[in-house]
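# Chain and residue survey
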Amino acid sequence: MIYNSLHHSAIGELKINNLQSQHSAMDFTAIDSSCGFAWVDTAGKIISANPAFLNLLALPPDVADKTWFDLTAAINASAPDSLRQAVARRHTKTIKLVSTIDNKTLHVHIIAFNEEQRLIMVESLSSSNFSQSGINHQAQNHSAVPLANRGMLNECIANWKPDESGAASLAMIMIGLDRFKRINETLGHDAGDQLLKFAAQRLLRIVRSDDLVAHFAGDQFVVLQINQNQPVAATAMAERIIGLLKRPFLINGQQANISASIGLAILHQNTGSSGDLIKQAELALHDAKHNARGSYRLYEQSLQKNAGEQHDLEVGLRRALFLQEFTLFYQAQVRMQDRKIVGFEALIRWEKPGAGIISPVRFIPLAEETGEINEIGKWVLQTACREATTWPEDIKVAVNVSPMQFENGNLKQIVQAALSTSGLTPQRLELEITEGLLIKNVANALEQLREIQALGVSVAMDDFGTGYSSLNYLSSFPFSKIKIDQSFVHRMQIDKSRTLIKAVITLGSALGIKTLAEGVETEEQFEYLAHNGCMEIQGYLISKPVPAEQIQALIS
């Protein structure tokens, strides 16, 4: 919309604080800004205006019973006709006025939201400072991106009405910058602020004159499309934005690469509520970020249902430990040469009343996101160590450790407490970690792992070969075991998978590290692994995961 010319504007100085809570939806009188704001009707009568609007257009304080068209003749004789024609139109219009009083250049933006009213914004180019100024540090001013803010966005949505044909719609395009946090962490917050500014400039260059662009929050922007054919216009714009923001940014001589995930929500005539539009766009954006990062998602009712189910899952997860809804199952690990059980991997199960068994694939990521994984992980360690004390002393227990459990730096103490309380010897405990842990903070993770290994606990690398730096980690830390990911075993009929499996086994042998293959289900898979020197396996060929009370029977 009017913000297409913001590379000249001072709209970044807007401070519309608590507009909706302090004033009626149409009241601009208390807005202190260098930009002028006003609501007018199609006859030119001013319904509400802030002081800057009156000052910039040299209007008298009392404008009752007068039209602002005729009053602007004082600064430019041609202004009344131009403004009257623009207000009569059903499209956004920007008029450039040069004051004959002080030669000041004004941009007057006229936005049609419904049949009866127009939003007018006036800015003086002489007071512009956007092109010279940067974006303030986010910690000091989260809304410093020089675009429309949340208050103005809410105003536009609340006052929207469909055009005369009734065929067009109001569409919200909510844009989330992917990997923005990493830019702040690696290049600094000043670089992050510059990135927001550059991203805003790119958005402003490609939107239509009828579009409103707003800084929504943090690393999120919104494009509001008014009375266009939907969802065609919104999806086309989303595709353009994704392509545009994927291009590299140059910030202080350094290249920064991001992508954009987008949520789309559409308000049709006589369908839905304007108050739901933002919520629906947020749900669609959340789905895009979690399931298809770098793409767009159009809101549909199933997202609302999924969000409700996710909320219920989160509430249930927070109390599941207290209500003792978790149990551990154990899957046998056997030695290839004699098929003797040498260990069990502990696998958590959650039986939620009314919902049955919840898959770890579903609740573990949620536990990591909410922070519940720390208490859950502590419980798993304590329970696995305690239950393993009832097994023969030559059988180990393997416990998966989430990367999140390393962040507090006290995993060594948690392991020590579990061993001490249960009486399990450290040599019978094995921690399994994935590359995701090491990628996040290599130095911190390796330091903690060395401290844990010094206790006598062994450490295995799980899902080997599915990441990007496996070989580097093997040279950095003395792992006791490499677990070949089951995806390679399941694709063993493919030559490339067989070659990779053989290479990992050979590598483990050369480094003196045991190799264990996961997901072994057939004798053919067993024979190939045995023939090529794999030392241990686990999978349905040996046993499915079983509860603790069935382990003695399995061993015997």
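Residues numbered from 1 in each chain as written. Predicted model: local features only at pLDDT ≥ 70, side-chain atom pairs only at ≥ 80, totals over all residues. Heavy atoms only, no water.

Under the defined criterion, the tally for this structure stands at 17 salt bridges. Taking the shortest distance from any N to any O, the salt bridge between Glu 372 and Arg 318 comes out at 3.2 Å. In this pair, Glu 372 sits in the loop between α11 (360-370) and α12 (373-388) while Arg 318 sits in helix α10 (residues 301-320), placing the two residues 54 residues apart along the sequence. A relative accessible area of 43% means that Arg 318 is categorised as partly exposed. (Salt bridge = Lys/Arg side-chain N within 4 Å of Asp/Glu carboxyl O. Helix = DSSP H or I, 4+ residues; strand = E, 2+ residues; numbered from the N terminus. Buried < 20%, exposed > 50% of the residue type's maximum accessible area, 1.4 Å probe, protein only.)

Let us now look at the packing of helix α6 (residues 180-187) against helix α7 (residues 189-206). Between α6 and α7, whose axes approach to 6 Å, the crossing angle comes to 140 degrees. Taken together, the axis directions place α6 and α7 in an arrangement best described as oblique. Packed against α6, whose contacting residues are Phe 180, Ile 183, Asn 184 and Leu 187, the element α7 presents His 189, Ala 191, Gly 192, Leu 195 and Leu 196 at the interface. Counted by class, the contact of α6 with α7 contains 6 nonpolar, 3 polar and no charged residues. (Axes fitted to C-alpha atoms, helices over the stretch in contact; angles between N-to-C directions. Parallel < 35°, antiparallel > 145°, perpendicular 65-115°, else oblique. Contact = heavy atoms within 4.5 Å. Nonpolar A, V, L, I, M, F, W, Y, C, P; charged D, E, K, R; others polar.)

The sheet built from 5 strands is open, its strands ordered β7-β8-β6-β11-β12 with mixed pairing. In this open sheet, the two edge strands, each paired with only one partner strand, are β7 (212-217) and β12 (296-298). Neighbouring strand axes in the sheet, compared pairwise and without regard to direction, differ in orientation by 20 degrees on average. Contacting β6 (169-178), β7 and β8 (220-228), helix α5 (residues 150-158) crosses the sheet at an angle of about 130 degrees to β7. This element, helix α8 (residues 232-245), spans β6, β8, β11 (259-267) and β12 of the sheet and lies at about 165 degrees to β11. (Pairing = 2+ DSSP bridges.)

Mean pLDDT for the protein chain: 81, with 83% of residues reaching 70 or above. Taken as a whole, residues 1-25 scores under 50 in pLDDT and shows 76 contacts with residues more than four places along the chain or in a different chain. Residue range residues 127-146 is modelled with pLDDT below 50. Its contacts to residues more than four positions away, or to other chains, number 43 contacts. (pLDDT = per-residue confidence, 0-100.)

Turning to the packing of helix α13 (residues 411-422) against helix α15 (residues 442-454), a few remarks are in order. Across the interface, α13 lies against α15 with an axial gap of 9 Å and an inter-helix angle of 25 degrees. Comparing the axis directions of α13 and α15 gives the class roughly parallel. Crossing handedness for the pair α13 and α15: right-handed. Of the residues in α15, those in contact with Leu 411, Lys 412 and Val 415 of α13 are Gln 448, Glu 451 and Ile 452. For the contact of α13 with α15, the residue count by class is 3 nonpolar, 1 polar and 2 charged. (Left-handed = near helix turned anticlockwise from the far one by under 90°.)

Residues Val 397, Leu 429 and Leu 529 are the most contacted members of the largest nonpolar core, which totals 69 residues. Broken down by element, the residue count for this core peaks at 7 residues, all from α12. For Leu 529, the residues in contact, after removing those within four places along its chain, are Met 336, Met 492, Ile 501, Ile 505, Ala 517, Val 520, Cys 534 and Ile 537. Core analysis: the next-biggest nonpolar cluster, separate from the first, contains 33 residues, Ile 183, Ala 199, Val 207 and Ala 238 among them. (Core = buried A, V, L, I, M, F, W, Y, C linked by side-chain atoms within 4.5 Å.)

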